[in-house]
Amino acid sequence: TQQEQASSHLRFPATFAWGAATSAYQVEGAVNEDGRGTSIWDTFTRTPGRVLGGDHADVAIDHYHRFRDDVAVMAELGLTAYRFSVSWPRIQPDGSGTFNLKGLDFYKRLTDELRANGIDPWLTLYHWDLPQALEDAGGWPNRDTAYRFADYARCVHDALKDHVHTFSTVNEPWCAAFLGYASGEHAPGRREPANAVRAAHHLNLAHGLAVQAMDARRVGGCVNLYAVSPETRSEADLDAARRIDGLQNRFFLDALLLGRYPDDVIEDLGVGLDFVADGDMAVINAPIDVLLVNYYSRFTVSGAPGGKASAAAAPTDTGSPWVGSEHVSFVNGGRPVTAMGWEIDQDGLLEVLNRVARDYPAVPLVISENGAAFDDVLEQGRVHDTDRRAYLDAHLSACRAAIEAGVPLEGYFAWSLMDNFEWAWGYGKRFGLVHVDFETQRRVLKDSALWYAEIIRHNRRHEPTDS
Ligand code: GBH
């Protein structure tokens, strides 16, 4: 039957991690509680014109107070893993010095609750909420921020090491650097291309220093990878694809996994490397136990002038994140799109996974984010999000195909567990498996969540080695 086909092509290894992900600023709220300091996103959301509708995340989806209910939802889904991030300004309100025990305590309660429900906590140290005090001291373009991050990492690690399954360092350094400091779409909203490149290096350095600081734990780095295609085989389009692939993918993969920056990308950037100190690349190349890959879409690019400066419309007035390659245009690749305008391409996921496995030293992989925003309708207590379900189904099939092809893929985390604060888009875009009413905070499982629960149940039930 169709049912059996649907589930049998989604048979995964017994140890496969079945997850969903969130991040601190997007879900927690409680921005003034238990000694939390100010982050760059608190400041950014208070700056007119930065976030659609003037939305902020002072309350967000109130996860800080509702985490037990939210873990109960995870248990209902049958998740075996949950990826969340720690809010740095909860731990170090001013970005350095004394650690705030009340802040740490929240993550102890959360991870205890997860473990009590048989869910492995996957902790991300940095998902973009830099303490404002560190931004005031120069932010990520300032090398010292990387050392502050290593201190913070050591503290979180020491406090939570017995509670956490996997630590990861920086979520999507590309975004933190180039959306934060080049295009200005994200906090701190600076448009300083040369500083964005410094920021990228210091985020990589922060990753490496933190891996060293958390010595001997299970630790990973996280990158957001895109499949990239030239619009035609013309020399200009091939060059555009090389550039975008270079800055989005290879700049970070080569640094973390090979300990070097690709020469062609450095040349494209045109900023020199005076900020790379002796020994930095070896630090950045510190061995990791797992690489976390966030995948959403494919870029199709052209070197001919006059196209769109980025793949999707930004919600606010921003510059280009593509330092040194501002002439590249992003064209329509002809695929259906999500509510973000991002093209749906599961083949791109398979391509990306095969590429990492083929071109880089062996490292276990997980898909740490994958998902889609759609215009959900809540009707009589149901959300029939067949579009999201189809998206997830197609991408899980790509994961399955990657495993069959020999890629060491060990888990999958849907983005996101719940609808939440979608950065510059505010509450205007919903990525959740679980619908959230932003007024009442009521949670409702969407059809995609019920489907995902079935997939997980099916895989857990059919594997005799599973406990
Ligand atoms: C993730 O990043 C984030 O980790 C997560 O917090 C977020 O909620 C989720 O995605 C959904 O957005 O048009 O050329 O400027 C996604 C990575 C990078 C995807 C920027 C869109 C736009 C590229 N994003 N990209 S461009």
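What you see is a predicted model; the values in this text were computed from it and never measured.

**Digging into the packing of helix α14 (residues 346-359) against helix α15 (residues 386-404)**
Between α14 and α15, the shortest axis-to-axis distance is 8 Å and the interhelical angle comes to 30°. In terms of orientation, α14 lies roughly parallel with respect to α15. Handedness of the α14/α15 crossing: right-handed. Note on element contacts: α15 touches α14 through Ala-394, His-395, Ala-398, Cys-399, Ala-401 and Ala-402, opposite Gln-346, Leu-349, Leu-350 and Leu-353. Within the contact of α14 with α15, the residues separate by chemical class into eight nonpolar, two polar and no charged.

**Quick word on the pattern of salt bridges**
Counted under the stated rule, the structure contains 39 salt bridges. Note that Arg-443 and Asp-70 form a salt bridge whose closest N and O atoms lie 2.9 Å from each other. Here Arg-443 is found in strand β13 (residues 443-445), whereas its partner Asp-70 is found in helix α4 (residues 63-77), with 373 residues between them in sequence. Each member of the pair, Arg-443 together with Asp-70, is buried. Residue Arg-335 pairs with Glu-343 through a salt bridge whose shortest N-O separation is 3.0 Å. Taking relative accessible area as the criterion, Arg-335 reaches 26% and is therefore assigned partly exposed. The network of salt bridges with shared partners includes Asp-239, Arg-242, Arg-243, Asp-245, Arg-250, Asp-264, Asp-268, Arg-355, Arg-358 and Asp-359.

**As for the packing of helix α9 (residues 173-183) against helix α10 (residues 193-213)**
Between α9 and α10, the shortest axis-to-axis distance is 8 Å and the interhelical angle comes to 155°. As summarised for this structure, α9 and α10 are arranged roughly antiparallel, according to the angle between their axes. As α9 packs across α10, the resulting crossing turns out to be right-handed. Contacts between α9 and α10 involve Pro-173, Ala-176, Ala-177, Phe-178, Tyr-181 and Ala-182 from the former and Pro-193, Ala-196, Val-197, Ala-199, Ala-200, Leu-203 and Asn-204 from the latter.

**Some thoughts on the site of the ligand**
Neighbouring the ligand are 22 residues; Gln-26, His-127, Glu-172, Glu-422 and Trp-423 lie closest to it. Side-chain polar atom of Asn-171 to an oxygen atom of the ligand: 3.1 Å apart, as the coordinates give it. In this structure, an oxygen atom belonging to the ligand sits 2.8 Å away from a side-chain N or O atom of Glu-172.

**Concerning helix α11 (residues 235-258)**
Between its terminal C-alpha atoms α11 stretches only 28 Å, short of the 34 Å expected from 24 residues at 1.5 Å a residue. At Gly-246, α11 shows its largest bend, some 50°. Among the 24 residues that make up α11, 18 are buried, leaving the element largely enclosed by the rest of the structure.

**Things to note about the pairing of strand β6 (residues 290-302)**
Here β6 lies mainly inside the structure; 13 of its 13 residues are buried. Pairing analysis gives ten bridges linking strand β5 (residues 219-230) to β6, with the strands arranged parallel. Bridge pairing in β6 links Val-223 to Val-293. Pairing between β6 and strand β7 (residues 329-331): three bridges, direction antiparallel.

Cut-offs and rules
- Residues numbered from 1 in each chain as written.
- Predicted model: local features only at pLDDT ≥ 70, side-chain atom pairs only at ≥ 80, totals over all residues.
- Heavy atoms only, no water.
- Axes fitted to C-alpha atoms, helices over the stretch in contact; angles between N-to-C directions.
- Helix = DSSP H or I, 4+ residues; strand = E, 2+ residues; numbered from the N terminus.
- Parallel < 35°, antiparallel > 145°, perpendicular 65-115°, else oblique.
- Left-handed = near helix turned anticlockwise from the far one by under 90°.
- Contact = heavy atoms within 4.5 Å.
- Nonpolar A, V, L, I, M, F, W, Y, C, P; charged D, E, K, R; others polar.
- Salt bridge = Lys/Arg side-chain N within 4 Å of Asp/Glu carboxyl O.
- Buried < 20%, exposed > 50% of the residue type's maximum accessible area, 1.4 Å probe, protein only.
- Near = heavy atom within 4 Å.
- Polar contact = N/O pair within 3.5 Å; in protein donor to acceptor, adjacent residues only side chain to side chain.
- Expected span 1.5 Å × (residues − 1).
- Bend = angle between axes of the 7 residues up to and from the residue.
- Pairing = 2+ DSSP bridges.

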